[in-house]
Amino acid sequence: MLGDVRACPAARPAVCKERAEAAVARLICDSGIIPVDMDLPRPLSHSSISMYGECPKKYWFRYIERIPEKPKHYFSYGRSMHSALEFFYGAEEPVCPSLDDLLKAYKARWVAEGYRDAEQERTYFEDGKAILIAFYHKHAGDFAPPLAVEHSFQALVEGVPVTGVIDRIDELPDGTVAVLDYKTGKAIAKDRVASDPQLTMYQLACEGEFDCEVGRLSFYHLPSLTTLDTGRHGQDKVDSLKRRIVDTAADICAERFDPRPEEKKCMWCDYKPFCPVFKHQFPPSPARDAGKEPEPPVEGEAGLARLADRYGELRGEIAARGALKEALAKAFKRKGYVKAFGKRFEARVAWRERWEFPDREKAKDLIKKAGLWDSVLTPMSVKVNEVLEDPGLDPGCRARLEGAGSLVLAVEFAVKPVGRAGPKGAVPPATSDLSADDDEQLAEMIDRYGELESLKSECKALESRLSAALREKGCDKACGQRFEVAGVWKERYEFPDRGRLADLARAAGLLDRIMVPSQALVQGLMKDPAHRATLEPVARRTEVAELEVSPVAGAERRGG
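Computed from a predicted structure; not experimentally measured.

A. Molecular detail of the overall build of the chain. In terms of helices and strands, the chain carries 20 helices and 13 strands. Looking at the chain as a whole, 41% of its 560 residues qualify as buried. If you take every contact in the chain between residues at least 6 apart in sequence, the share linking residues at least 24 apart comes to 74%. For the chain, the accessible surface area stands at approximately 30,000 Å², while carbon and sulfur atoms represent 52% of it.

If you want it as structure tokens, here you go:
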């Protein structure tokens, strides 16, 4: 039954897609279910169901309002490790890749978002590299191409659309299949594998798509290279999952999004500044009030003019943030503070070393002579889009590159003041008089910087409204009393998987056209004494401040 997939690895994606469509058709025929629009913002997944169960309001912010969460280093690390193992097991030829190729793929597919600094990123990178080397030596000898890797599924469960990605599916000697999920975090409780609903969902998806029984469910804990196995989850677990899926979908469709606060969960929640439970702790912000009725449509030229003026003001204020950040950093350093408080915001500073290269061409030559040039390159989406606009690009290459991305309509706004009065209100109070010689002035600077930080979300929301209003009215310019805003719309491709993009560009001989040196990777070279000795003659050591502000509640506090 699975022979056609095993016999021809290259055919796996098409076969799996065909079986997925057939599985959905079977569900419809066997159950009499007709898929209808359930007003779900997207198909349910294990993670979105878990998020709704944790806090319906958090789900609302993430999937209804589509406010992204902050990048987390542990998510980036997990994606990097999964991507490397996808390369290891996902080759079309049934031959074990070399260790060198695995480590090259790991480096090319590394996700750099969310790390506190370059040192933390380097630590995680080296940890992951060590794990992959140990994984290779443990499993290269028994390497066998799996039935599927990073397998995306779409299915109906009691009429509710669900989706997910299964890390690996193997065929077992008795004709059943094994589902394996990689874990990169802390140790896993031994009894978790026997009842985990994520594995139950994967079991349902596999048995629907591949029309065969799941014989084994596993968590593979990568840091310890250990596997936790269990047999097929019983009908009680399946029925429990189905009830949970149906109940979650019903609650979402009924718009039940009340917050469910708990101290430990809320402490680290990215949506705390927007949540009505914590409204008293944060200054007014349209983004925080996302739970209110949506903004009214823009009516007439007067409404468009008001949007243009407010957008111009916000752009001007946010542009002044850099100067204020620099003044705050100098004040913190002079006073020896690592934290200080205003009336509404607290600010923390961390100092890190950075190398600058005044003569970039000399630095480039030294890096190339040392054979390190390829190690500091990263694909740049702007350059990929330039390549895609080249009419001479090979059609097959174009199709592959486009398949690695998603086409979006992006707008760029240009803002300029109008009228003789100038950009009134566009520039915040000057920072030159805030010398921060005492804590009162420092507190004022902190509160002003916190206000400017909170304006970024308002500016983004306003940009979306302005873009929609201009497109609806069929024009590309809006004039207020103080500002003129002009928009240029252009289709472009976005590439979430930079590793895959680099692989495609390398195969097409396009690396020179899309790769640029990454500042973060160059900084990483300077951590190695040998490489630092090579580059130090053209580098200079500087110290930069990482400033973080967050709202505070309660008493007015001062000092460091």
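That covers the picture; the talk isn't over yet.
B. Just the nonpolar core, in detail. Counting 44 residues, the largest nonpolar core has Leu44, Tyr59, Ile169 and Ile245 as its most contacted members. Elements supplying a minimum of two residues to this core: α3 (46–54), α4 (56–64), β1 (148–157), β2 (160–171), β3 (177–183), α8 (197–209), β4 (214–221) and α9 (235–253). When residues of this core are assigned to their parent elements, the largest contribution, 5 residues, is made by α8. Apart from the residues lying within four places of it in its own chain, the contact partners of Ile169 are Pro146, Leu147, Ala148, His151, Val177, Ala178, Cys206 and Phe210. The next biggest cluster of nonpolar side chains, apart from the first, holds 28 residues, and it includes Ala404, Phe495, Ala505 and Val538.

C. Broad picture of the pattern of salt bridges. Summed over the entire model, instances satisfying the criterion amount to 19 salt bridges. For the salt bridge of Asp270 with Lys72, the shortest nitrogen-to-oxygen distance reads 2.6 Å. With a gap of 198 residues between them, Asp270 in the loop between α10 (263–267) and α11 (300–319) and Lys72 in the loop between α4 and α5 (73–89) connect regions that are remote in the sequence. You'll find Asp270 and Lys72 in the same group, each marked buried. One salt-bridge network, in which partners are shared between bridges, spans Arg310, Glu313 and Arg482.

D. Up close: the packing of helix α6 (residues 99–108) against helix α7 (residues 118–139). With their axes 10 Å apart at the nearest point, α6 and α7 run at an angle of 150 degrees to one another. Between α6 and α7, the angle falls in the class roughly antiparallel. Where α6 crosses over α7, the handedness of that crossing is right-handed. Here α6 contributes Leu99, Leu102, Leu103, Tyr106 and Lys107 to the contact with α7, which in turn contributes Tyr124, Phe125, Gly128, Lys129, Leu132, Ile133, Tyr136 and His137. Classifying every residue of the contact of α6 with α7 gives 9 nonpolar, 2 polar and 2 charged.

E. Expanded view of α7. The end-to-end C-alpha separation of α7 is 31 Å, in line with the 32 Å expected for 22 residues at 1.5 Å each. Those residues of α7 not exposed but buried are Gln120, Glu121, Phe125, Gly128, Ile131, Leu132, Phe135, Tyr136 and His139. For α7, the angular spread of buried residues about the axis comes to 140 degrees, placing them on one side. Residues of α7 that are buried sit in contact with α5, α6 and β4.

F. Region of the structure containing the packing of α3 against α9. Contact pair α3 / α9: the axes reach a minimum separation of 11 Å and the direction vectors enclose 65 degrees. For the element pair α3 and α9, the recorded crossing hand is left-handed. On the side of α3, the interface is formed by Ile49, Ser50 and Tyr52, while α9 contributes Arg244, Ile245, Thr248, Asp251 and Ile252. Of the residues contributing to the contact of α3 with α9, the split by class is 4 nonpolar, 2 polar and 2 charged.

G. Broad picture of the sheet that holds β1. Strand order in the open sheet made by the 5 strands is β1-β2-β3-β4-β5, with mixed pairing throughout. The open sheet terminates on both sides in strands that have one partner only, identified here as β1 and β5 (226–230). Geometrically, the sheet is characterised by an average inter-axis angle of 40 degrees between neighbouring strands, direction not taken into account. Looking at chain direction, β3 and β4 are connected through 7 bridges and run parallel. When the sheet's bridge partners are listed, Asp181 is paired in β4 with Phe219.

Conventions used here
Residue numbers run consecutively from 1 along every chain, following the written order of its sequence. Two thresholds apply to this predicted model, a pLDDT of at least 70 for residue-level local features and 80 or more for giving and counting side-chain atom pairs, whereas whole-chain, interface and lining totals are computed over all residues. For side-chain calculations, the full set of non-hydrogen atoms in the structure is used, while hydrogens and water are omitted. Counting from the N terminus, the helices are DSSP H or I runs at least four residues long and the strands are E runs at least two residues long. Each residue gets one of three labels from its accessible area relative to the maximum for its type: buried under 20%, exposed over 50%, partly exposed in between, using a 1.4 Å probe on protein chains only. In this description, contact between two residues means that some pair of their heavy atoms is separated by no more than 4.5 Å. In this description, accessible areas are obtained by the Shrake-Rupley approach with a 1.4 Å probe, and a residue is regarded as covered only by the protein chains that are shown. Residue types Ala, Val, Leu, Ile, Met, Phe, Trp, Tyr and Cys, when buried and joined through side-chain atoms within 4.5 Å, form a set referred to as a nonpolar core. Between Lys or Arg on one side and Asp or Glu on the other, a salt bridge is scored when a side-chain nitrogen of the former is within 4 Å of a carboxyl oxygen of the latter. The axes used here are C-alpha line fits, helices contributing only the stretch in contact, and every angle between their N-to-C directions lies in the interval 0 to 180 degrees. Convention used here: angles under 35 degrees read as roughly parallel, angles over 145 as roughly antiparallel, angles from 65 to 115 as roughly perpendicular, and any remaining angle as oblique. Left-handed describes a crossing in which the near helix is turned anticlockwise from the far one by less than a right angle; the clockwise case is right-handed. The nonpolar class holds Ala, Val, Leu, Ile, Met, Phe, Trp, Tyr, Cys and Pro. Asp, Glu, Lys and Arg form the charged class, and all remaining residues, Gly among them, are polar. Each residue after the first adds 1.5 Å to the expected span of a helix. What the arc describes is the spread of directions from the helix axis to the C-beta atoms. Any two strands with at least two DSSP-identified bridges between them are counted as paired.

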